[in-house]
Amino acid sequence: MGRPKYFTPAEVAAHNTAADLWVSFLGKVCDLTPLMDQYKGDALLLPIMECAGKDISFWFDPETKDVQKHVDQLTNCVRYYTPRGRFVHIPPAGPRSDWASAIEPPWWRDKTYEVGLLTSKTRWIRIINTLTSQEQLLEVCSEETLAEILQRYLRYNSHACSYTWKHDGAPLDMSRTLSENDVHDDDPELEQLRLDRDLFTPAILLHFNDDLTEG
């Protein structure tokens, strides 16, 4: 099984329309566009559409991974807690002839919607091309390897594979993360010292290998 793909909150937020709708919850990122197409025009989509591109972890119980529940004050029965309104795959409050009770699995448990994981923390890095002096500020996921960060950077330099990546003069192991390459995350310390972290963004230097065979 391959490594999961990690996404930043900003990447999830970019998918915020009914025609392209992502959400994140409990560390997962889900593309609910097929669900939107399947139930197109259904009012039960409205709570989901209101949260398009956002994290909806507060909808769920982190232990059961199910939608939060509460005791209904009128019926004294345990119901799903949906303060924004009932949404797709949530049963109605009472018996109804138009409700198919055998929905397995509901969308929040259906792995076919999962596209990856939400990063636990984003990091900003400066990638500096020593050949052209071009500098690019890049937001990445702390769990990503340098090889995966390289894939993000390819949009700015299609020949990025033809460079040796270094930090503090030492070549970086592209199979490891920033932290594993001793590119430390100083954000907590900078926050404690009330220093502007934008002034201390770590720099990755790209040294050209004189080889354009890798593009």
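On a predicted model such as this, the values are computed, not experimentally measured, just so you know. (Residues numbered from 1 in each chain as written. Predicted model: local features only at pLDDT ≥ 70, side-chain atom pairs only at ≥ 80, totals over all residues. Heavy atoms only, no water.)

## Here we look at the UniProt feature "domain: Cytochrome b5 heme-binding" (unreviewed entry) in the protein chain
- The residues that UniProt annotates with the feature "domain: Cytochrome b5 heme-binding" (unreviewed entry) are residues 4–70.
- Within the segment residues 4–70, helix and strand shares are 24% and 24% respectively, and the terminal C-alpha atoms sit 34 Å apart. (UniProt positions renumbered as here; feature names shortened; annotations may be inferred. Helix = DSSP H or I, 4+ residues; strand = E, 2+ residues; numbered from the N terminus.)

## Thoughts on the domain arrangement of the protein chain
- Domain annotation of the protein chain identifies domain 1 (6–118) and domain 2 (122–208).
- One C-alpha centre belongs to domain 1, the other to domain 2; they are set 36 Å apart.
- Contacts between the two partners involve 6 residues from domain 1 and, on the opposite side, 7 residues from domain 2.
- Note on domain 1 versus domain 2: buried area summed over both sides is about 460 Å², and carbon and sulfur give 62% of it.
- Our count for the domain 1 to domain 2 interface comes out at 1 salt bridge.
- The partner of Arg152 in a salt bridge is Glu11, with the nearest N and O atoms 2.8 Å apart.
- Across the domain 1-domain 2 interface, the total number found is 1 residue pair in polar contact (both at pLDDT 80 or more).
- Contributing elements (two or more residues each) for the side of domain 1 that touches domain 2: strand 1 (6–7) and helix 1 (9–13).
- Residue composition of the side of domain 1 that touches domain 2, by class: 4 nonpolar, 1 polar and 1 charged. (Domains from an automatic or database assignment. Contact = heavy atoms within 4.5 Å. Buried area = accessible area lost by both parts, 1.4 Å probe. Salt bridge = Lys/Arg side-chain N within 4 Å of Asp/Glu carboxyl O. Polar contact = N/O pair within 3.5 Å; in protein donor to acceptor, adjacent residues only side chain to side chain. Nonpolar A, V, L, I, M, F, W, Y, C, P; charged D, E, K, R; others polar.)

## A closer look at the packing of aromatic side chains
- Per the counting criterion, the structure on display carries 14 aromatic pairs.
- Relative to Phe87, the ring of Trp59 lies with its centre 4.7 Å away and its plane at 20°, an arrangement referred to as stacked. You can see Trp59 sitting in the loop between helix 3 (46–50) and strand 5 (69–71) and its partner Phe87 sitting in the loop between strand 6 (78–80) and strand 7 (114–118), a full 28 residues away along the chain. Comparing Trp59 with Phe87, the two get one shared label, buried.
- Here the aromatic rings of Tyr80 and Trp108 are separated by 6.3 Å at their centres, their planes lie at 75°, and the arrangement is edge-to-face. Taken as a pair, Tyr80 in strand 6 and Trp108 in the loop between strand 6 and strand 7 lie far apart in primary sequence, 28 residues in all.
- You can call Tyr80 partly exposed: its relative accessible area is 22%.
- Members of the aromatic cluster, each reached through a chain of ring pairs, are Phe25, Phe58, Trp59, Phe60, Tyr80, Phe87, Trp107 and Trp108. (Phe/Tyr/Trp six-rings, centres within 6.5 Å; stacked < 30°, edge-to-face > 60°. Buried < 20%, exposed > 50% of the residue type's maximum accessible area, 1.4 Å probe, protein only.)

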